[in-house]
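# Chain and residue survey
Each chain, written out:
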Amino acid sequence: MNLLVHFTANQVNLNIKEKLVSVLSCFMAILIASVVTRALVDNAIYPILIASMGASAVILFIIPSSPLAQPWPFVGGQIFSCLMGIACTQLIPDTAIASAVAVGGSVLIMLLLRCLHPPGSATALTPVLSGDSLTSLGFSLVLFPVVINVGIMLLISLLINRWLMHREYPIHSPSKKTAIDHKVLNPPSVQLGISEADFNQALDESNTFVDVSYTEIRNLLLHAEKYRYQRIHKTMLCADIMNKSLLTVEYGTDVEEAWQMMQQHNLKAIPVIDKARRVIGIVAWHDFFKFINLSSYDSFQDKFRAFIRRTPKIETNKPESIGHIMTKSVITLSEDTPIVELVPLMSTTGLRQIPIVNKENRLVGMVYQAHLITALYNQKMA
């Protein structure tokens, strides 16, 4: 009975929506590739589809973050494998030997060119096992239909994965040398945890192929750490540590008035709300300085005073209200968010304060970095 567990385990950890979209994507990719290829190729002796495209569709739409599913492995693996298969049919008369050389040669080429794509080996076998019907086509088989199939499938995978499913595809992986040389530029969460250079070095020493990207592993570790913390410590919410006594400004608040509020109460940032207390922006110190021209010879103090002071005339050539200088893209969290989620958020974005909203998306408080550190310290000492 225990043996059956290995056959019934769910290898694809996708929710029902992702599974349905992936199935539909495979269906549409093969259908469109077949129809378009048939329309482009007038000669009936050419096939409209290579069978291995079915396996490629599974990789492209089920595991798009895999190194095997990236554009270069898919394109290079399919095309070079087809070239190897055709060469074997023309140079080796024995089908068994030609099949072995086609598969082994295609794998060797894909490894050397860093374009390993398992369905490519099936593409290499196609001309060897298809007999004279495809052998007579020679190297034109690479163009009709392999190149056409590959181009259409790649375009569909980009459209579906990137714009429909909002997945990071293709995965951009910088070189190992770049990751090491510019490690200081990595976000704080990566500097304090496992960097890409660490991951690549460990992978080299293990001499193992891992069908998962560094980004996925990092995200999994962050989520696992969050759930471990919640399991060990009692859950504390943002509502438990947020500052409820808030100073806020509105879109039409004068720049000078907002600056005086921040100076008087020693604030580094202040939320901007509308009449319904919904957050529409945030103003930090740097927002006041980004409109000041530092190229002229006037002193900085004079420039800053001239900037924040309200223009008495009707016409003006500078921002007069907070709505003109505020940062509109604001990260907010709900009041029932566990504080453990603040740790990777603040360390990754560099934010020192995050507005907290209720279920109606109205501002109810603000969590500062100091509040988070105090809460974590108190829980550690408890």
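Residues numbered from 1 in each chain as written. Predicted model: local features only at pLDDT ≥ 70, side-chain atom pairs only at ≥ 80, totals over all residues. Heavy atoms only, no water.

## Thoughts on the overall build of the protein chain
Convention followed: For helices the rule is a DSSP run of H or I covering at least 4 residues; for strands it is a run of E covering at least 2, with both sets numbered from the N terminus onward. By definition, residues are in contact when any of their heavy atoms lie within 4.5 Å. The method behind every accessible area is Shrake-Rupley, applied with a 1.4 Å probe, and residues are considered shielded solely by the protein chains displayed.
Across its full length, the protein chain carries 19 helices and 6 strands. In the protein chain, the share of contacts with a sequence separation of at least 24, taken over all contacts with a separation of at least 6, comes to 64%. Accessible surface, the protein chain as shown: approximately 22,500 Å² in total, 61% of it carbon and sulfur.

## Remarks on the environment of Met262
Following the sequence through the fold, Met262 ends up in helix α14 (residues 255-264). Contacts of Met262, omitting those with residues within four sequence positions, involve Leu267, Lys268, Ala269, Ile270, Val283, Ala284, Trp285 and Phe288.

## Some words on unusual backbone geometry
A cis amide bond, omega 15°, links Phe144 with the succeeding residue Pro145. Geometrically, the link from Tyr169 to Pro170 is a cis peptide bond, its omega value of 0° lying close to zero. Mapped onto the elements, Pro170 comes out in the loop between α8 (140-164) and α9 (176-181). The phi dihedral of Arg277 falls on the positive side, at around 65°, and the residue is not glycine. Tracing the backbone through its elements, the reader meets Arg277 in the loop between β2 (269-273) and β3 (279-284).

## Things to note about the side chain of Thr37
Selection rule: Side-chain atoms alone can form a polar contact between residues adjacent in sequence; in general such a contact is a pair of N or O atoms within 3.5 Å, and within protein one must be able to donate a hydrogen while the other accepts it.
Its place among the elements puts Thr37 in helix α2 (residues 16-40). A distance of 2.6 Å separates a polar side-chain atom of Thr37 from the backbone oxygen of Ala33. Engagement of the side chain of Thr37 in a polar contact is seen with the side chain of Asn149, the distance being 2.9 Å. Here Thr37 is in contact with Pro47, Ile48, Pro145, Ile148, Asn149 and Ile152, once residues within four sequence places are set aside.

## Some thoughts on the pattern of salt bridges
Where charged atoms of side chains with opposite charge meet at close range, the side chains can pair. What counts, and what does not: Salt bridge, as applied in this entry: a Lys or Arg side-chain nitrogen positioned within 4 Å of an Asp or Glu carboxyl oxygen. In this scheme, a residue with accessible area under 20% of its type's maximum is buried, one over 50% is exposed, and one in between is partly exposed, where area comes from a 1.4 Å probe on protein chains only.
Within the structure shown, the criterion is met by 3 salt bridges. One salt bridge in this structure joins Glu250 and Lys275, with 3.1 Å as the shortest N-O distance. With Glu250 in strand β1 (residues 249-250) and Lys275 in the loop between β2 and β3, this residue pair connects regions lying 25 residues apart in the sequence. The exposure class assigned to Glu250 is partly exposed, which follows from its relative accessible area of 32%. The partner of Arg362 in a salt bridge is Glu360, with the nearest N and O atoms 2.8 Å apart.

## Some thoughts on the environment of Glu250
Considered as a pair, Glu250 and Gly281 are 31 residues apart in the sequence and their alpha carbons are 9.1 Å apart. If sequence neighbours within four positions are ignored, Glu250 has contacts with Val272, Ile273, Lys275 and Ile322.

## Details of the nonpolar core
In plain terms, the rule: To qualify as a nonpolar core, a set must consist of buried Ala, Val, Leu, Ile, Met, Phe, Trp, Tyr and Cys residues joined through side-chain atoms within 4.5 Å.
Ranked by size, the top nonpolar core spans 31 residues in total, and within it Leu60, Phe61, Phe74 and Met153 carry the most contacts. The leading source of residues in this core is α8, at 10 residues. Not counting chain neighbours up to four residues away, the residues in contact with Phe61 comprise Ser22, Ser25, Cys26, Ala29, Ile156, Ser157, Ile160, Asn161 and Arg167.

## Digging into helix α11 (residues 196-206)
Each full turn of the α-helix corresponds to 3.6 residues, which orients residues three or four apart in the same direction. The test is simple: What the arc describes is the spread of directions from the helix axis to the C-beta atoms.
Every buried residue belonging to α11 is among Glu196, Ala197, Phe199 and Asn200, and all of these are buried. For α11, the angular spread of the buried residues around the axis is 160°, confining them to a single face. Within two residues after α11, Asn207 carries a phi angle of roughly 55°, on the positive side.

## Focus on the sheet that holds strand β4 (residues 333-334)
Where we set the bar: Strand pairing requires that DSSP identify at least two bridges connecting the strands.
Strand order in the open sheet made by the 3 strands is β4-β5-β6, with mixed pairing throughout. Edge positions in the sheet fall to β4 and β6 (363-368), since each of these pairs with one other strand and no more. Of the pairings in the sheet, the one linking β4 to strand β5 (residues 353-357) comprises 2 bridges and is parallel in character. Residue pairing across strands places Leu333 opposite Ile356, the latter belonging to β5.

## Considering the packing of aromatic side chains
When we look at a pair of aromatic rings, we describe it by the centre distance and by the angle of the planes. Put simply, the test is: Aromatic rings from Phe, Tyr and Trp, with only the six-membered ring used for Trp, were paired whenever their centres fell within 6.5 Å, and each pair was classed as stacked if the ring planes differed by under 30 degrees, edge-to-face if by over 60, and tilted otherwise.
Tallying each qualifying case throughout the model produces 4 aromatic pairs. Taking the centre distance of 5.0 Å and the plane angle of 65° together, the rings of Trp259 and Phe288 count as edge-to-face. Of this pair, Trp259 sits in helix α14 while Phe288 sits in helix α15 (residues 285-289), placing them 29 residues apart in sequence. For the pair formed by Trp259 and Phe288, the shared burial category is buried.

## Looking at the sheet that holds β1
Selection criterion: The convention used is that axes are lines fitted to C-alpha atoms, helices contributing only their stretch in contact, and that angles between N-to-C directions extend from 0 to 180 degrees.
The mixed open sheet is built from 3 strands, whose spatial order is β1-β2-β3. Whereas interior strands pair on both sides, the edge strands pair on one side only; in this sheet they are β1 and β3. Alignment of β2 against β3, held across 5 bridges, turns out to be antiparallel. Looking at the pairing, Ile273 lines up with Val279 of β3. Along the sheet, α14 makes contact with β1, β2 and β3, crossing β2 at roughly 135°.

## Details of the packing of helix α3 (residues 53-62) against α8
The cut-off we apply is this: In this scheme, roughly parallel covers angles under 35 degrees and roughly antiparallel covers those over 145, while 65 to 115 is roughly perpendicular and the rest are oblique. Note on convention: near helix rotated counterclockwise from far helix by under a right angle means a left-handed crossing. Clockwise means right-handed. Three residue categories are used. Nonpolar comprises Ala, Val, Leu, Ile, Met, Phe, Trp, Tyr, Cys and Pro, charged comprises Asp, Glu, Lys and Arg, and polar comprises the others, including Gly.
Where α3 meets α8, the axes come as close as 11 Å, and the angle between the chain directions of the two elements is 20°. What the angle tells us is that α3 and α8 run roughly parallel. Crossing of α3 over α8 shows right-handed handedness. On α8, the residues touching Met53, Ser56, Ala57, Leu60 and Phe61 of α3 are Val146, Asn149, Val150, Met153, Ile156, Ser157, Ile160 and Asn161. For the contact of α3 with α8, the per-class residue count stands at 9 nonpolar, 4 polar and no charged.

## Concerning the side chain of Ser25
Along the polypeptide, Ser25 turns up in helix α2. For Ser25, a relative accessible area of 5% translates into the label buried. If we skip the residues at most four places from it in the chain, Ser25 touches Phe61 and Ile160.

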